Amino acid sequence: MAGNRTLAIVKPDAFGSGKAGKILAHIEGAGFRIIAARVTHLSDAEAGEFYAVHKERPFFGSLTKFMTSGPCMPVVLEKSDAVASFRKTIGATDPAEAEANTIRKLFAESKERNAIHASDSDENAYREARFFFSETELIRAR
Ligand code: CMP
């Protein structure tokens, strides 16, 4: 059965240009409940660990440099079928290919500076939520 939580990050491009409020309003407007949130500034080691799956990709160095360039805002979101539903809400990785009214179409600058991250599976949603929030925070967030 599909899970009801996903992990999103308002990335440094969007957070730094004052778009976090509008993005969170868009997320709530799409029916998601924000159940945990924090502002943080990732270290090189943290960004490398979070994106370890992309370590061999040519854009890895540039991605971690971008993700450590300023504060970002991880949030845990709740809705039925959260992972699939939220990926529809944010649109394609490249904003040029994203559908109208998706978060990336509205707020992203480029394929790398693409405003928002979203988990791609229930398993990763849990792993990524635990990357930023304690088990206690996630259990209490009801
Ligand atoms: P995200 O959903 O956070 O997952 C991996 C990130 O790598 C992605 O969003 C983009 O920010 C970035 N990314 C993916 N593909 C490319 C690419 N071809 N060039 C540069 N950055 C990319």
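Numbers given for residues are sequential positions, taken from 1 along each chain in its written order. Local features in this predicted model are restricted to residues of pLDDT 70 or higher, and side-chain atom pairs are both shown and tallied only at a pLDDT of 80 or more, whereas totals for entire chains, interfaces and linings draw on every residue. Note that water and hydrogens are dropped before the side-chain values are worked out from all heavy atoms of the structure.

Caption draft 1: Just helix α2 (residues 20-29), in detail. Within α2, the full set of buried residues consists of A20, I23, L24, H26 and I27. Along α2, the residues classed as buried sweep out an arc of 155° about the axis, all on the same side. Exposed residues on α2 whose side chains face more than 90 degrees from its buried face are G21, K22 and G29. Three exposure classes are used, based on accessible area relative to the maximum for each residue type with a 1.4 Å probe and protein chains only: buried under 20%, partly exposed in between, and exposed over 50%. Counting from the N terminus, the helices are DSSP H or I runs at least four residues long and the strands are E runs at least two residues long. Directions are taken from the helix axis to each C-beta atom, and the arc is the one they span.

Caption draft 2: Local environment of the site of the ligand. The cutoff for a nearby residue is simple: one of its non-hydrogen atoms must lie within 4 Å of the molecule or strand. What surrounds the ligand is the set K11, Y51, H54, F59, L63, T93, R104, K111, E112, N114 and H117. A distance of 3.0 Å is found between an oxygen atom of the ligand and a backbone nitrogen or oxygen belonging to E112. N or O atoms closer than or at 3.5 Å make up a polar contact, with two conditions inside protein: a donor-capable atom paired with an acceptor-capable one, and, for residues adjacent in sequence, both atoms drawn from side chains. The side chain of H117 places a nitrogen or oxygen atom 2.9 Å from an oxygen atom of the ligand. All accessible-area figures derive from a Shrake-Rupley calculation using a 1.4 Å probe, and residue coverage is judged against the displayed protein chains alone. Its free accessible area being 460 Å², the ligand has 80% of it covered by the protein chains. The distinction between a cavity and a pocket rests on a 1 Å grid over the protein atoms alone: a 1.4 Å probe fits inside a cavity but cannot get out, while a pocket stays open yet meets protein on both sides within 12 Å along at least five of seven lines, and a residue with an atom within 4 Å of a point counts as lining. In this scheme, a molecule is assigned to a cavity or pocket if more than half of its atoms are within 2 Å of the grid points. Spatially, the ligand is embedded in the largest pocket. Ten residue types, Ala, Val, Leu, Ile, Met, Phe, Trp, Tyr, Cys and Pro, are classed as nonpolar, four, Asp, Glu, Lys and Arg, as charged, and the remainder, Gly among them, as polar. Along the lines of polarity and charge, the residues of the shell around the ligand split into three nonpolar, four polar and four charged.

Caption draft 3: Structural view of the pairing of strand β3 (residues 73-78). Most of β3 is tucked away, with six of its six residues classed as buried. Side chains of β3 alternate between two faces, with M73, V75 and L77 and P74, V76 and E78 buried alike.

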